Amino acid sequence: MQFELRTQVIQPQRKTFQHLIDRYGDRPASRYEEGTIDLQATANYHFRPLWGPEKEIYSPDYSVLKLTDAYAFTDPRQYYYAPYVTARADMHEAFGSTLSYLEKRGMFERLPGQWRSLFAQVTLPLRHYEAAGQMINSHAARFGWGTTITQCAAYAAFDRVGNAQILSRAGISFAGGTAESLAEAKALWLDDEAFQGLRKLMEETLVQRDWGIGLVTLDVVDQLLYAVFFTHLDDAAIGAGAGSFSLVASHLTDWFNDQRRWVDALYKAWVQDQELGAANAAELSGIVSAALSAGEAALAPIAAKADEFVGADCAGALTAAVASVRDKFTALGIKES
Amino acid sequence: MTIAPKAPRKLSMKDRYSALTRDLEWDPSYVSTEEMFPFTSFEGIKIHDWSKWEDPFRLTVDAYAKYQAEKDKRLYAVLDGFAQSQGHLSLTDASYLNAMKLFLQGVSPLEYQAHRNFAYLSRHLNGPGPRFASLCQSLDEIRHAQTEIHTLSNYNKYYAGFHSYLHMHDRVWYLSVPKSFFDDALSAGPFEFLIAIGFSFEYLLTNLLFVPFMSGASFNGDLPTMTFGFSAQSDESRHMTLGLEAIKFLLEQDPDNVPIVQHWINKWFWRGYRVTALVAAMLDYMLPRKVMSWKEAFELYFEQQMLGGLFQDLAYYGIEPPKHVDKAIQEKEWLSHQAYWILYQFSHAAAFTTTTPNDEAREWFAEMYPESWPIIKTLWEKEDQNLANGGRHFIRGLPQLCQVCQIPMGFTEMDDPLKIAQRSVIFEGERYNFCSDGCQYIFEHEPVKFRQAWLPVHQIYQGNCGAADLPGVLQWYGMQPGDGGEYLGSVDNENWKTWHAQADHNELGED
């Protein structure tokens, strides 16, 4: 039986803020909507930036990729700050449990020798790739147009530091609580021939002032890199008895699946824009083609290096990933130019 | 003889933190440093060694997410409970919410702006230490914007003045004061932004800007806002340490930085201080239950803590207290009265209401402001007569605005409190007007920047605000009936009385 709790009932004057009523009608708005839609100023800026007076403080012209209505895109995950940090707290807690299990059972020591080399010399240097990912996303978080996009980019920026820290914590544990393997990995990132293509591509992407081109380039490379060096190698590791490699890689694969949700939705919003869709598709064709060929060229030597250690046909996985990413973009209406 | 291999030395906490954060950095070799960091040379600041930046706090991503998620869980539980129990009825009075209207319209959009520009620093500062600290602050700032919106969202459902805060922030005359302040910071270079927001706003003036709202909330039954304030406190203390580290770092890197930083302190003290005029008016006049007077707040949070503490430490670097601080000290008896008098007379064009202070408030003013109240009180007594004759005083014309702070020219000379202060400068054949020496000083250093200012009154006269008459402009502002004007008899006031009468007569609930 239900008890009858009496409360004073007061008719609300309105269900939410006016800009949301104008957009969605007079219905209660979600916290995502109240905390996101129209937050960025779009009018009456007072001063031109001293560091770039040719544009306003915020402007759609910081990228060639544009939306007629910036808020036609929304985050499918509906992340505002609270659910975002809650999801990430869970993600890092899960990784923490994995890491203490690996440490407790001496799992890194039990890695087959070739997989140890792979982890130290292929996987760990990628923490610097993640660091570049942070900066590319931070740039988009500042210069993007519309809070739905910039908010996703800001969280992705923080995610990339989180990923780098996952790799670094695994690396410290791997080296018995020291930074030795991290130092070795950094030396490889800086000087090993196999990593120079990727490092060069990241440095060039970092100086890309167009936040949209930067974001898409990083994402195309991400799609190849995660497919080969986390998803594919995770599979191979299980077959080869390299359980600890698989456990670490699976956390990054999980993160990447979450990341895909908003980036894929953004591609859709760009190409489906009534007015600007065709122009966006044309721009994206060029950006994606360039990024696919640059990404493939940059990752091929790393795949070859991985294959030298564990013979898992990363080279073949890379070719397959390139084809599959190309097909995916074609299906979206973004054909290679 | 063989030497046993040394056992590997485990990382210290500091080294571990460094491995997890700044060790991710590398020097680019395929692009130049200038291409990688294009914005950190034009301001004239010299940094010789970015690694000398001391991390103001050591927080890893996993610890940050865990700690913040727990705080948000507690905060949102309070918000939900308050909304469910119609907690707004237990406020001291509906007029209290004028303070919160000012907060949502004037302050929350600034938190959002801070979020965007700390993201800029987290990409464009050369050093990985300050970049990561900025990244954390960027996330904190979007947290504050969103939790403030969510905290005040419930009041919006029942009270006027909250509904169009974003639209208004970019258009309405008094909100142009905080907007121009933050646009000024965003359009500055990264180092000036660090001093403007990281140091001046988040450290020097934070207690004056932020605490009066949160304390006002706790004294007036606003549990959600008070809870938000407590929840933001640990973030704010991180921001304060970042601001302090930023200024020390710049000063220690090169003696040539000292005069540049000194000018920025002068400028941003006065910019921020002028924004606090709105806070002063709120603190003294809008809270049904008073917390402390503006004068007391200024003495405690600025004179004692900053002039008596911080600037003693900064003297070591050759930094002096901000220029024109003596004017601010002289003004502490007057600031809130003069600012509120402006708001009172123009509140028909605002999204908050005003009213004359009641007897209790006047007694309190007499006690708090022995020097200024005898003069100020005569203004209110004149207004009492207007009201008795059925005429509430509103100014129907448009005021002249200060070119820099954008507040209507209503501040007086401190040696003659009955004389409106007015300064002006001719620049390239045009005259620009200022409310004070401080604002004139700022203009004279950057005339090309400040002549761009979007001045609401000029914009109305230029035909950029929807219409040439008041109703048309108010419509363009997004005003709705009940938003502004006199509190007594307003929509909020009438609803408040109705809801409380219902409760008194026990006509509660529905079946």
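In what follows, the accompanying structure is described. (Residues numbered from 1 in each chain as written. Chains lettered and ligands numbered in written order. Predicted model: local features only at pLDDT ≥ 70, side-chain atom pairs only at ≥ 80, totals over all residues. Heavy atoms only, no water.)

1. Here we look at the overall build of chain B
Moving on, step 1. Across its full length, chain B carries 23 helices and six strands.
Moving on, step 2. Its C-alpha atoms give chain B a radius of gyration of 25 Å, near enough to 24 Å, the size a compact globule of 511 residues would have.
Moving on, step 3. Relative to its 511 residues, chain B shows a buried fraction of 64%.
Moving on, step 4. Put simply, of all contacts in chain B between residues at least 6 apart along the chain, 80% involve residues at least 24 apart.
Moving on, step 5. Total accessible area computed for chain B in this model is approximately 19,200 Å², and 52% of it derives from carbon and sulfur atoms.
Moving on, step 6. A gap of 5 Å separates the mean positions of the 43 positive and 65 negative side-chain charges of chain B. (Helix = DSSP H or I, 4+ residues; strand = E, 2+ residues; numbered from the N terminus. Rg over C-alpha atoms; globule rule 2.2 N^0.38 Å. Buried < 20%, exposed > 50% of the residue type's maximum accessible area, 1.4 Å probe, protein only. Contact = heavy atoms within 4.5 Å. Areas by Shrake-Rupley, 256 points an atom, 1.4 Å probe, with all protein chains shown as cover. Lys, Arg positive; Asp, Glu negative; His and termini not counted. Charge placed at Lys NZ, Arg CZ, Asp CG, Glu CD.)

2. As for the overall build of chain A
Moving on, step 1. For chain A, the count of helices and strands is twelve helices and zero strands.
Moving on, step 2. Along its sequence from the N terminus, chain A presents helices and strands in the succession α-α-α-α-α-α-α-α-α-α-α-α.
Moving on, step 3. The principal-axis extents of the C-alpha atoms in chain A amount to approximately 70 × 65 × 40 Å.
Moving on, step 4. Of all 337 residues assigned to chain A, the portion counted as buried reaches 61%.
Moving on, step 5. Surface summary for chain A: the accessible area is close to 12,100 Å², and the carbon and sulfur share equals 52%.
Moving on, step 6. Counting 30 positive and 41 negative side-chain charges, chain A places the centres of these two groups 4 Å from one another.

3. Some points on the pattern of salt bridges
Moving on, step 1. Inspection of every chain in the model, using the stated rule, returns 50 salt bridges over all chains.
Moving on, step 2. As a salt-bridge pair, glutamate 204 of chain A and lysine 200 of chain A come within 2.9 Å of each other at their nearest N and O atoms. Taken as a pair, glutamate 204 of chain A and lysine 200 of chain A lie in helix 8 (residues 193–206) at a separation of four residues, close to a single helical turn.
Moving on, step 3. On the basis of relative accessibility, which here comes to 35%, the residue glutamate 204 of chain A falls in the partly exposed class.
Moving on, step 4. Take lysine 200 of chain A: its relative accessible area is 36%, and that puts it in the partly exposed class.
Moving on, step 5. One connected set of salt bridges, linked through shared partners, spans Lys71, Asp72, Asp140, Arg143, Asp235 and Arg238 of chain B. (Salt bridge = Lys/Arg side-chain N within 4 Å of Asp/Glu carboxyl O.)

4. Details of the side chain of glutamate 33 of chain A
Residue and element names in this part refer to chain A.
Moving on, step 1. With respect to the helices and strands, glutamate 33 occurs in helix 2 (residues 31–34).
Moving on, step 2. Within the structure, glutamate 33 has its side chain in polar contact with the side chain of arginine 27 (distance 3.1 Å).
Moving on, step 3. Within polar-contact distance, the side chain of glutamate 33 engages the backbone nitrogen of serine 30 at 3.0 Å.
Moving on, step 4. Those residues in contact with glutamate 33 that sit more than four places away from it in its chain are Leu20, Tyr24 and Arg27. (Polar contact = N/O pair within 3.5 Å; in protein donor to acceptor, adjacent residues only side chain to side chain.)

5. So, unusual backbone geometry
Glycine aside, residues mostly have negative phi, and peptide bonds are mostly found in the trans state.
Moving on, step 1. Located in the positive-phi region is asparagine 44 of chain A, a residue other than glycine, with phi close to 60 degrees.
Moving on, step 2. Phi is positive for glutamate 428 of chain B, which is not a glycine, with a value near 45 degrees.
Moving on, step 3. Turning to its location among the elements, glutamate 428 of chain B is positioned in the loop between strand 4 (423–427) and strand 5 (430–434).
Moving on, step 4. For glutamate 428 of chain B, a relative accessible area of 60% translates into the label exposed.

6. A short note on empty space enclosed by the protein
Moving on, step 1. The final tally for this structure, using the stated rule, is nine cavities of 30 Å³ or more.
Moving on, step 2. For the largest cavity, the calculated volume is near 300 Å³.
Moving on, step 3. What lines the largest cavity is a set of 20 residues, among which Val107, Leu110, Phe201, Leu209 and Phe210 of chain B lie closest to the centre.
Moving on, step 4. For the lining of the largest cavity, the class distribution of residues is 14 nonpolar, two polar and four charged.
Moving on, step 5. Ala131, Gln134 and Met135 of chain A together with Glu25 and Arg131 of chain B are the residues nearest the centre of the second largest cavity, which is lined by 19 residues in total.
Moving on, step 6. Listed by contribution, the elements that provide at least two residues to the lining of the second largest cavity are helix 5 (126–143) of chain A together with helix 6 (128–158) of chain B.
Moving on, step 7. Considered class by class, the residues forming the lining of the second largest cavity number 14 nonpolar, two polar and three charged. (1 Å grid on protein atoms, 1.4 Å probe; cavity = no way out; pocket = protein on both sides within 12 Å on 5 of 7 lines; lining within 4 Å. Points joined across faces, edges and corners; volume = space filled by probe spheres on them. Nonpolar A, V, L, I, M, F, W, Y, C, P; charged D, E, K, R; others polar.)

7. Examining the packing of helix 6 (residues 147–174) of chain A against helix 3 (residues 61–84) of chain B
Moving on, step 1. At a minimum axis separation of 9 Å, helix 6 of chain A and helix 3 of chain B run at an interaxial angle of 125 degrees. By the criterion of interaxial angle, the relationship of helix 6 of chain A to helix 3 of chain B is oblique. Contacts from Phe158, Val161, Gly162, Gln165 and Arg169 of chain A of helix 6 of chain A reach helix 3 of chain B at Val61, Asp62 and Tyr64 of chain B.
Moving on, step 2. Class assignment for the residues of the contact of helix 6 of chain A with helix 3 of chain B results in four nonpolar, two polar and two charged. (Axes fitted to C-alpha atoms, helices over the stretch in contact; angles between N-to-C directions. Parallel < 35°, antiparallel > 145°, perpendicular 65-115°, else oblique.)

8. A short note on the interface of chain A and chain B
Moving on, step 1. Taken together, the contact between chain A and chain B spans 87 residues of the former and 102 residues of the latter.
Moving on, step 2. Between chain A and chain B the total buried area reaches about 8,300 Å² when both faces are included, carbon and sulfur atoms providing 61% of it.
Moving on, step 3. Together, His46, Phe47 and Tyr81 of chain A form the three largest contributors to the area buried by chain A at its contact with chain B, with a combined 11%.
Moving on, step 4. Across the contact surface, chain A and chain B share four salt bridges.
Moving on, step 5. Across the salt bridge formed by aspartate 62 of chain B and arginine 169 of chain A, the nearest N and O atoms sit 3.4 Å from each other.
Moving on, step 6. Counting across the chain A and chain B interface gives 49 residue pairs in polar contact (both at pLDDT 80 or more).
Moving on, step 7. For the side of chain A that touches chain B, the residue count by class is 39 nonpolar, 30 polar and 18 charged. (Buried area = accessible area lost by both parts, 1.4 Å probe.)

9. Some details on the environment of serine 12 of chain B
Residues and elements named next belong to chain B.
Moving on, step 1. For serine 12, the location among the structural elements is in the segment before helix 1 (13–20).
Moving on, step 2. Spatially, the C-alpha atom of serine 12 lies 50 Å from that of histidine 88, the residues being 76 residues apart in sequence.
Moving on, step 3. A distance of 3.1 Å separates the side chain of serine 12 from the backbone nitrogen of aspartate 15, its partner in a polar contact.

10. Notes on the packing of aromatic side chains
Moving on, step 1. For the structure on display, the rule yields 70 aromatic pairs over all chains.
Moving on, step 2. Where tyrosine 267 of chain A meets phenylalanine 329 of chain A, the ring centres are 5.0 Å apart and the plane angle is 85 degrees; that geometry is what we call edge-to-face. Of this pair, tyrosine 267 of chain A sits in helix 10 (residues 243–272) while phenylalanine 329 of chain A is found in helix 12 (residues 314–331), placing the two residues 62 residues apart along the sequence. Neither tyrosine 267 of chain A nor phenylalanine 329 of chain A differs from the other in exposure class; each is buried.
Moving on, step 3. Their ring planes at 40 degrees and their centres at 5.3 Å tell us that phenylalanine 181 of chain B and phenylalanine 201 of chain B sit as a pair that is tilted. Here the residue phenylalanine 181 of chain B occupies a position in helix 8 (residues 176–186), and phenylalanine 201 of chain B occupies one in helix 9 (residues 190–204), the gap between them amounting to 20 residues. (Phe/Tyr/Trp six-rings, centres within 6.5 Å; stacked < 30°, edge-to-face > 60°.)

11. Quick notes on the state of the cysteines
Moving on, step 1. Applying the stated rule across the entire model yields zero disulfides over all chains.
Moving on, step 2. There is no disulfide at cysteine 405 of chain B, and the cysteine sulfur nearest it, in cysteine 435 of chain B, is 3.7 Å away. (Disulfide = S-S within 2.5 Å.)

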